[in-house]
Each structure stands twice: as structure tokens, then as C-alpha cells.
Amino acid sequence: MSTLAEKIHTEASRLPEDLARQVYDFICFVEMRHGISPLSEDSSVVDWDSFFDRHTRTVSDATPLSRDEI
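Q: When you look at the overall build of the protein chain in this model, what are you seeing that I'm missing?
A: Within the protein chain, the regular secondary structure consists of 3 helices and 0 strands. Along the protein chain, helices (α) and strands (β) appear in the sequence α-α-α when read from the amino end. Summing over all exposed atoms, the protein chain offers an accessible surface of approximately 6,500 Å²; the carbon and sulfur share of this is 58%.

What follows is the structure, encoded as C-alpha cells:
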């Protein structure tokens, strides 16, 4: 195990369970973004498409303000 991985493991292991889960979810997110396949024993599957649909907006999604709203 590399030094950085050991440090991440040490820091994450002292966190409360809910925060440690957030760290794990973030690692899964980074793996997904970079095309790294998850470990086969990982049973939790995250639906990233619905996450990005909720939190990603473009200019075409915006509704222009009416004259009365300005």
C-alpha cells in the first residue's frame, strides 16, 4: 500500500461512520469520472446519472426573467 493510501485509510478510519461513507462515496465518484471500474465485491451501485441530472444545468435550461421579475 502506498503512503498516500495509508494516510487516507488512517484518516477515514477515525471518522464517524456517516463521514467515512461520504469519503467512500467520493472515491467511487472519482473512480467513475476517470473510468476506473469498481471492485467486484462492491455491492452498492450509485446512480450517477440521476445525480448529475439534478445538479447539472446549462444556459439552455434557464428560463429568462419576465419584465416584471427584473
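Q: What exactly am I supposed to notice about a nonpolar patch on the surface here?
A: Together, L4, I8 and I27 line one region of the surface with nonpolar side chains, adding up to about 270 Å² of accessible area. With respect to the helices, strands and loops of the structure, I8 is situated in helix α1 (residues 3–13).

Q: Just to check I follow, could you spell out the packing of aromatic side chains for this structure?
A: Within the structure shown, the criterion is met by 1 aromatic pair. On the basis of an interplanar angle of 35° and a centroid distance of 6.1 Å, the ring pair of F26 and F29 is categorised as tilted. Within this pair, F26 and its partner F29 are both found in helix α2 (residues 17–33), separated by 3 residues, close to a single helical turn.

Calculation criteria
Residues numbered from 1 in each chain as written. Predicted model: local features only at pLDDT ≥ 70, side-chain atom pairs only at ≥ 80, totals over all residues. Heavy atoms only, no water. Helix = DSSP H or I, 4+ residues; strand = E, 2+ residues; numbered from the N terminus. Areas by Shrake-Rupley, 256 points an atom, 1.4 Å probe, with all protein chains shown as cover. Patch = residues over 30% accessible without salt bridge, like charges linked within 9 Å, V, L, I, M, F, W, Y side chains within 5 Å. Salt bridge = Lys/Arg side-chain N within 4 Å of Asp/Glu carboxyl O. Phe/Tyr/Trp six-rings, centres within 6.5 Å; stacked < 30°, edge-to-face > 60°.

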